[in-house]
Amino acid sequence: MNIYHYIAKNKRFFALLIFIFAISVLSGCASEQSDINVSAAKIEHQMKQSVKLDKLKKGDAHKLKKLYDLGSEQVEDFLLYTASSNVRADEIVVIKVKDEKQIDSVKASITKRIDAQAVKFKDYRPDEYALLEKHVLKVKSHYVLFVVSADAEQIEKAFDSALE
């Protein structure tokens, strides 16, 4: 009995095998991004390799709550740097959400912050407003990145690199 005759008799079996293989490959690809589990400290370390953060002030959970109205019910881990002076717009925030379903509400909180900063800087500090207008807001798996900085591109690359 040749192979073609065998395949012709068992088409359903081979179709089922191909289907199972395709599903396993697709589910492997879909879950790959969700399996990312990196600490904020590792992301911070990666960023410090790319840019100097010494002119920024590191924030705590209280500052995150004050600026973004985000707390432990949404945030699993985070990194927050703000300008040391309120006349500067520089800001770096990395938030690891507890559940990917919370990403939209986290992004909405960040958008409120962007809007508030835009009002503050638009007429008062046009150069800082321009920096704010070029912000980076990015989502990757359970992580949200928000950057207002002249070094935003390097910070974004460091973020991506840390999550690889």
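Computed from a prediction, not measured in an experiment: that's the story for all the values here.

### Quick look at the environment of Phe-146
Reasoning step 1: You can see Phe-146 is positioned in strand S5 (residues 143-148).
Reasoning step 2: Using a relative accessible area of 1% as the deciding quantity, one classes Phe-146 as buried.
Reasoning step 3: Through-space distance from the C-alpha of Phe-146 to that of Ile-95 is 8.7 Å; in sequence the pair is 51 residues apart.
Reasoning step 4: Contacts of Phe-146, omitting those with residues within four sequence positions, involve Tyr-68, Glu-91, Ile-92, Val-93, Ile-110, Ile-114, His-135, Val-136 and Leu-137.

### Description of the packing of aromatic side chains
Reasoning step 1: On inspection of all chains with the given rule, the structure shows one aromatic pair.
Reasoning step 2: Here the aromatic rings of Tyr-68 and Phe-146 are separated by 6.5 Å at their centres, their planes lie at 80°, and the arrangement is edge-to-face. In this pair, Tyr-68 is assigned in helix H4 (residues 61-68) and Phe-146 in strand S5, connecting sequence segments 78 residues apart. Across this residue pair, the class does not change: Tyr-68 and Phe-146 are buried.

### Quick notes on helix H3 (residues 40-50)
Reasoning step 1: Of all the positions in H3, only Ala-40, Ile-43, Glu-44 and Met-47 are classed as buried. Across the axial projection of H3, the buried residues extend over an arc of 100°, all falling on one side.
Reasoning step 2: Where H3 is buried, its residues meet strand S1 (56-58), strand S2 (75-83), strand S3 (91-97), S5 and helix H7 (152-162).

### Some thoughts on helix H6 (residues 126-133)
Reasoning step 1: Of all the positions in H6, only Glu-128, Tyr-129, Leu-131 and Leu-132 are classed as buried. Around the axis of H6, the buried residues are gathered within 155° of arc, so they sit on the same side.
Reasoning step 2: Elements in contact with the buried residues of H6: helix H5 (103-121) and S5.

### Quick word on the pairing of S3
Reasoning step 1: Burial of S3 is extensive: seven of the seven residues sit out of reach of the surface.
Reasoning step 2: Where S2 and S3 come together, seven bridges link them in antiparallel fashion. The residue of S3 that forms the bridge with Leu-79 is Val-94.
Reasoning step 3: Of the strand pairs in this sheet, S3 and S5 are connected by six bridges, and their pairing is antiparallel. Bridging across to S5, Val-93 finds its partner in Phe-146.

### A word on the layout of surface pockets
Reasoning step 1: There is about 280 Å³ of room inside the largest pocket.
Reasoning step 2: Together, 19 residues line the largest pocket, and Lys-55, Leu-56, Arg-88, Asp-90 and Ser-149 are the ones closest to its centre.
Reasoning step 3: For the second largest pocket, the calculated volume is near 170 Å³.
Reasoning step 4: For the lining of the second largest pocket, the element with the most residues is H5, which contributes three residues.
Reasoning step 5: A per-class count over the lining of the second largest pocket returns three nonpolar, five polar and seven charged.

### What about the packing of H5 against H6?
For any two helices packed against each other, one specifies the inter-axial angle together with the distance between the axes.
Reasoning step 1: Running from N to C, H5 and H6 point in directions that differ by 160°, and their axes come no closer than 8 Å. It follows that H5 is roughly antiparallel to H6 by the angle criterion. As for how H5 packs across H6, the hand of that crossing is left-handed. In this structure, H5 uses Ile-114, Gln-117, Ala-118 and Phe-121 to contact H6, whose residues at the interface are Pro-126, Glu-128, Tyr-129 and Leu-132.
Reasoning step 2: Looking at the contact of H5 with H6, its residues break down into six nonpolar, one polar and one charged.

So, how was this worked out
Residues numbered from 1 in each chain as written. Predicted model: local features only at pLDDT ≥ 70, side-chain atom pairs only at ≥ 80, totals over all residues. Heavy atoms only, no water. Helix = DSSP H or I, 4+ residues; strand = E, 2+ residues; numbered from the N terminus. Buried < 20%, exposed > 50% of the residue type's maximum accessible area, 1.4 Å probe, protein only. Contact = heavy atoms within 4.5 Å. Phe/Tyr/Trp six-rings, centres within 6.5 Å; stacked < 30°, edge-to-face > 60°. Arc of directions from axis to C-beta. Pairing = 2+ DSSP bridges. 1 Å grid on protein atoms, 1.4 Å probe; cavity = no way out; pocket = protein on both sides within 12 Å on 5 of 7 lines; lining within 4 Å. Points joined across faces, edges and corners; volume = space filled by probe spheres on them. Nonpolar A, V, L, I, M, F, W, Y, C, P; charged D, E, K, R; others polar. Axes fitted to C-alpha atoms, helices over the stretch in contact; angles between N-to-C directions. Parallel < 35°, antiparallel > 145°, perpendicular 65-115°, else oblique. Left-handed = near helix turned anticlockwise from the far one by under 90°.

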